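Coordinates in review
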Amino acid sequence: MTDLVQPLSAFMTRIAGPGELSGLSRLSGGANMESWAFDWAGRAYVLRRAPSAEYMEGRPYSHAVEAALVRAAHAGGVKAPEVVGVLADADGMGTGYVMRRVVAEVSPAKILADPPPSLVADLGRELALIHALPRTAIPDGIKVMDTAEALAELKARFLAYGGDRPVIALAVRWCEAHLPAPADPVLVHGDYRMGNVMVDADGLAAVLDWELAHLGDPHEDLAFGCMTVWRFGRLDRPAFGVGSLKDYFAAYEAAGGRQVDRERFRFWLVYRTLWWALGCLQMGQAWRSGADTTVERVVVGRRTAEQELDLLLLLGDEAPAAEQSRPLPPSSAPPAPPVGEPTTREMVQAVRDWLGEAIKPGAEGHGKFQVVVAMNALGIVMRDLEAGVRAEDRALAEALLSGATTLAEPGLLARLRRAVLDKCAVDSPKYAALAQAREQWDG
């Protein structure tokens, strides 16, 4: 933090005039891209930055392009933050930009506990405004997404990551078989969901995190926030965990959005769930390569199981009715309780308990967030050591990917359901869809 005080003060003096820096603190979350809140001359700001150019490798465009896009969206009437300055190399703070801080709630749990009545309509309206931004206002660095090419890239990544997860193979094959015709491209935010919007008592207050924006099919944005994972447990409210799809689509169309095609929406719901499953696997690759050695990377890497569960909930109705009603095979029997020396699981539990009792109470801000992440990681290790569940099955994945095996094979759907239930119970036991799937599949 102290390394930022002097260069940030010099930067703000240049772009905003004389003042004094105060209240500098890192906002929780974000292992790669940092967000720092601070005050300058009595006004509130946020610095969004990557500490070095290396952190931006593999991203579709630079922070300068991202800042230009946010400015264009703000100028076009979208509730995007107001960018006041972009970092240069000489500023000595990496790459990034400074925005005026919006004072509103960003926590999905807090928003969804009591959403303002207008929120689902606000979400639809705001998305229509984003999609209506003219091409002339969009920076040149924002590329057009070709869905077929993007799907082929996802498939290549899956194979590079081992190509051995059957449910992911099933989803890749389904997307290849249901690829929609190209759409007339619009600006797609790319990450439009709870967690990236701010809300106050009057409704939607800001749309954040534009780093994945591109030109493409508007249904991609429509579907992304409706993924199970981004509804944060509100499974009865399919639109962002806030309301109904009917109301969401109606608000979008009333604000000038294109008529929603339910089949395209379903494709993108499956595609982006697949995309995030591979995104989670990619976190493990980032850790192994040394590009990002934070504990958060390996923990998010184990969230692949959530998306596999969701993919099977989405695609299970492709199986014959007899397979959908087939009973599941039993889970593996639990191991006998230990009686001798402490087991590896017990040693991990001792460390986890120590973190929770001795370290977490004294931690603050991002440090406290990191302690919680470490405790989550050790919890996964404990459950994994006890259950011994694996998700990899290369032969089955290859058969599903090629189409040699389908969900019509007797017993396959039941086996896949059991496998994803047991794996998700290890990696994400509190995932809301896990309880729903157990009730639906296992009685």
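Up top is the structure these notes are about.
This write-up is about the structure you can find in this document. As the structure is a computational prediction, the values presented were derived from the model and not from experiment.

What counts, and where the lines are drawn
- Residues numbered from 1 in each chain as written.
- Predicted model: local features only at pLDDT ≥ 70, side-chain atom pairs only at ≥ 80, totals over all residues.
- Heavy atoms only, no water.
- Axes fitted to C-alpha atoms, helices over the stretch in contact; angles between N-to-C directions.
- Helix = DSSP H or I, 4+ residues; strand = E, 2+ residues; numbered from the N terminus.
- Parallel < 35°, antiparallel > 145°, perpendicular 65-115°, else oblique.
- Contact = heavy atoms within 4.5 Å.
- Salt bridge = Lys/Arg side-chain N within 4 Å of Asp/Glu carboxyl O.
- Buried < 20%, exposed > 50% of the residue type's maximum accessible area, 1.4 Å probe, protein only.
- Core = buried A, V, L, I, M, F, W, Y, C linked by side-chain atoms within 4.5 Å.
- Patch = residues over 30% accessible without salt bridge, like charges linked within 9 Å, V, L, I, M, F, W, Y side chains within 5 Å.
- Areas by Shrake-Rupley, 256 points an atom, 1.4 Å probe, with all protein chains shown as cover.

Contact geometry for helix α14 (residues 365–387) and helix α16 (residues 412–427): axes closest at 7 Å, N-to-C directions at 140 degrees. The orientation of α14 with respect to α16, classified from their angle, is oblique. In this structure, α14 uses Ile380, Arg383, Asp384 and Ala387 to contact α16, whose residues at the interface are Ala425, Val426 and Asp427.

This part covers the pattern of salt bridges. By the definition in use, this model includes 31 salt bridges. One salt bridge in this structure joins Glu296 and Arg297, with 3.5 Å as the shortest N-O distance. Of the two residues, Glu296 and Arg297, both sit in the buried class.

All right, on to the environment of Ala41 then. Looking at the secondary structure, you find Ala41 in the loop between β2 (34–40) and β3 (43–50). Sequence separation between Ala41 and Thr13 is 28 residues, and the spatial gap between their C-alpha atoms is 9.7 Å. Each residue touching Ala41, except ones within four places of it in the same chain, is listed here: Pro18, Gly19 and Glu20.

Below, the discussion takes up the nonpolar core. Within the largest apolar cluster, 100 residues are counted, with the highest numbers of intra-cluster contacts made by Leu123, Leu187, Trp210, Tyr248, Leu274 and Leu309. Broken down by element, this core gets its largest block of residues, 13 residues, from helix α9 (residues 262–289). Setting aside its immediate chain neighbours within four residues, Leu123 contacts Tyr192, Met194, Val197, Leu204, Phe240, Val242 and Tyr248. Residues Leu21, Trp36, Trp40 and Leu87 belong to the second largest nonpolar core, which totals 14 residues.

There is a patch of nonpolar side chains on the surface, built from Trp287, Val295 and Val298 and spanning about 230 Å² of accessible area. Of note, Trp287 is situated in helix α9. Overall, the relative accessible area of 40% leaves Trp287 in the partly exposed class.

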